[in-house]
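# Working through the structure, step by step
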Amino acid sequence: MGAAEPQKEAWIDSLFKLMSQKGAADLHITSEHQPMIRDAGDLVPLEGAPTLNADQARKILLEIAPERNKKEFEERWDTDFAYALPGIGRFRANLFLDRYGPGGVFRRIPEEILTVEQLGLPSSILKMTEHKKGLILVTGPTGSGKSTTLAAMIDYINKNRCEHIITIEDPVEFVHPMKKCLVNQREISRHTQSFANALRAALREDPDIVLVGEMRDLETTRIAIETAETGHLVFGTLHTSTAASTVDRVINQFPAEEQEQIRLMLSGSLKGVVAQNLLKKKGGGRCAALEILIVTAGIAANIRDGKTYQIPSSMQIGAKYGMQLLNDALMDLISKDMVTAEDAYDRAADKEDILNKFKTEGVPIDFELME
């Protein structure tokens, strides 16, 4: 039997290599335009890449799409999948149609999973991985690094515990090899029909840790909370900007008549929330500002009694537990001369509070412009 022929390189691979050399996070392809990359938060043209007409864009995008996704794209005009390029990394892909023609966005997922230490995550986040049961949420806007933080936490468990990890993702992003743990990674539409279906099945698969890539609907959220209540450690993500708003978002997904019961369940199962934002770093690159909520008895009471508006003040006095408000994290980055005051103000959840902190700390900024 002869040796297998080497796999033909796709045309788009050259763009992936270019963006990797530049350290870019995303590649954007739009028909009739030059491809663009997101570099340190800014969207800029990819130097050296040609403008693609609609026919060219369709050809190069569908060249790397699995057959199932090609069919889905033709039927629904958008589709999601993962694409791997050895030596460069994996890419989370979304193909779509717009008024120019076919387009695509590719998020680069490094082959190497950065460790908790490499990311410089606080010890309070590391302690969250030590729980045997409960719900841990990592939140933030799109592109804030949620997947990177979650991957580091799962990797830490994989290296330090002898348990069963199930991940449910759309698509699978970071690939976790089996270290001390058995790791089963399931992808929506390839290995299961939905997050809710996979979560229900997970309860019959003897899991210790379950990662839910996105708690995007009521049914998935309900099963995730129930799974955490029944003695499993559940990790999930939401697109919320602060810890308090995360708790509200989870509760408000449910009908009014169920919210009291959900508050009770959440007060017992929620262990922590990490809400993160990425900012431009002075000198290049990006850095994360983290809001960290650790659910103490006092915060559990806030959740149970419907007093989530008191969570920020409870967090202010909870520094000894490793808690941190977003504005305090932003001020810390300013004090280390890592970010500008303008960028910090833009990301602050409480604008008035951070302006007061600027004035107190003597941070030079055009306050009239900010106000």
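Remember, it's a predicted structure, so these values are computed and weren't measured experimentally. (Residues numbered from 1 in each chain as written. Predicted model: local features only at pLDDT ≥ 70, side-chain atom pairs only at ≥ 80, totals over all residues. Heavy atoms only, no water.)

### Comments concerning the overall build of the chain
The test is simple: Numbering of helices and strands runs from the N terminus, with a helix taken as a DSSP run of H or I at least four residues long and a strand as a DSSP run of E at least two residues long. C-alpha atoms define the radius of gyration, and 2.2 Å times the number of residues to the power 0.38 defines the globule rule. Think of it in three bands: with a 1.4 Å probe and only protein chains considered, a residue is buried below 20% of the maximum accessible area for its type, exposed above 50%, and partly exposed in between. Contact definition: two residues touch when any of their heavy atoms are within 4.5 Å.
Tallying secondary structure elements over the chain gives 16 helices and 13 strands in all. In summary, the chain has a C-alpha radius of gyration of 22 Å against a globular reference of 21 Å for 371 residues, a match within 12%. Dimensions of the chain, computed from the C-alpha atoms along their principal axes, are close to 65 × 55 × 40 Å. Across the 371 residues of the chain, 48% fall into the buried class. Long-range contacts, defined as pairs at least 24 residues apart, comprise 57% of the intrachain contacts of the chain with a sequence gap of at least 6.

### Topic: the confidence of the model for the chain
We apply this condition: Known as pLDDT, the predictor's per-residue confidence is scaled from 0 to 100.
On average, the chain scores 92 in pLDDT, and the residues at 70 or more come to 96%. Here residues 1-6 is a poorly scored stretch, pLDDT under 50, and it has 0 contacts once near neighbours within four places are set aside; other chains count.

### Topic: helix α8 (residues 218-229)
The line we're drawing: The span expected for a helix works out to 1.5 Å for each residue beyond the first. Polar contact is the term for a pair of N or O atoms within 3.5 Å; when the atoms are in protein, one must be able to donate a hydrogen and the other to accept it, and sequence-neighboring residues count only if both atoms are side-chain atoms.
With 12 residues, α8 should cover 16 Å at 1.5 Å per step; its first-to-last C-alpha distance of 17 Å lies within 8% of that length. For α8, the complete set of buried residues consists of T220, T221, I223, A224, I225, T227 and A228. Elements that come into contact with the buried residues of α8 comprise β7 (134-139), α7 (195-202), β10 (209-212), β11 (233-238), α9 (243-252) and α10 (256-269). Where α8 begins, the capping side chain belongs to D217, and its oxygen is found 3.1 Å from the backbone nitrogen of E219. Backbone geometry just after α8 places G231 at a positive phi near 100°.

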